[in-house]
Amino acid sequence: MKHDEALEAIGSADDPLAASVQVLQAGFEHYSWVGIYLVEGGDLVLGPSQGPEATEHVRIPVGQGVCGAAAASGRTEIVDDVNADPRYLACFPSTRSEIVVPIAHEGRVVGEIDIDSDRPAAFAKEDRAFLERVADLLAPYC
Ligand code: SME
């Protein structure tokens, strides 16, 4: 799927958060599992997700894991080899790389997009730029 088509599908959906995980997971082969975490107090709580399996990590304290690091810093995290990153909280044995993109609204992090890939080093700068645009679209809905 083309990036612009995905942005259009997500932006025009009735429920953009739910649509985003469906469109991203179905539309991009290297996005194996896609989830949205929402900030609730000091925790990240799993919202919509799509992939072959459900994750046990439905609540992650801000500051823990790759997800918690991105929420704490407000910066996108790309992990080319999850097994080499001591922060990584394992969800699926098949995961080789991960990207976490914070969703900021009115100056604070309100959620994030978390994508696991079964491919090593799956996430390039094009994925980062695209997913940061998706995050901007989702910000008012978190
Ligand atoms: N790997 C994440 C935890 C969430 S699962 O990937 C769904 C982390 O290290 O924070």
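Counting from 1, residues in each chain are numbered in the order their sequence is written. Totals for whole chains, interfaces and linings use every residue, but because this is a predicted model, local features are given only for residues with pLDDT of at least 70 and side-chain atom pairs only at 80 or more, for both listing and counting. With hydrogens and water set aside, each side-chain value is computed from the structure's full complement of heavy atoms.

## Some thoughts on the pattern of salt bridges
Then, in step 1: Salt bridges are defined as contacts in which a side-chain nitrogen from Lys or Arg sits within 4 Å of a carboxyl oxygen from Asp or Glu. Summed over the entire model, instances satisfying the criterion amount to seven salt bridges.
Then, in step 2: Residue Arg 87 pairs with Asp 85 through a salt bridge whose shortest N-O separation is 2.8 Å.
Then, in step 3: Burial classes follow relative accessibility: with a 1.4 Å probe on protein chains only, a residue under 20% of its type's maximum area counts as buried, one over 50% as exposed, and anything between as partly exposed. Classification of Arg 87 as partly exposed rests on a relative accessible area of 32%.
Then, in step 4: Residue classification places Asp 85 among the buried residues on the basis of a relative accessible area of 14%.
Then, in step 5: Glu 126 is the salt-bridge partner of Lys 125, the closest N and O atoms lying 3.8 Å from each other.
Then, in step 6: Residues participating in the shared-partner salt-bridge network are Glu 40, Asp 43 and Arg 59.

## Describing the side chain of Ser 97
Then, in step 1: Strands are runs of DSSP state E lasting at least 2 residues, helices are runs of H or I lasting at least 4, and numbering of each runs from the N terminus. With respect to the secondary-structure elements, Ser 97 resides in strand E5 (residues 97–105).
Then, in step 2: For Ser 97, a relative accessible area of 1% corresponds to the buried category.
Then, in step 3: There is a polar contact of 2.6 Å between the side chain of Ser 97 and the backbone oxygen of Arg 119.
Then, in step 4: By the criterion applied in these results, polar contacts are pairs of N or O atoms within 3.5 Å in which, for protein atoms, one can donate a hydrogen and the other can accept it, and in which residues neighboring in sequence qualify only through two side-chain atoms. Separated by 3.1 Å, the side chain of Ser 97 and the backbone nitrogen of Ala 122 make a polar contact.
Then, in step 5: Contact definition: two residues touch when any of their heavy atoms are within 4.5 Å. Aside from chain neighbours lying at most four places away, what touches Ser 97 is Val 79, Asp 80, Val 82, Ile 115, Asp 116, Ser 117, Arg 119, Pro 120, Ala 121, Ala 122 and Phe 123.

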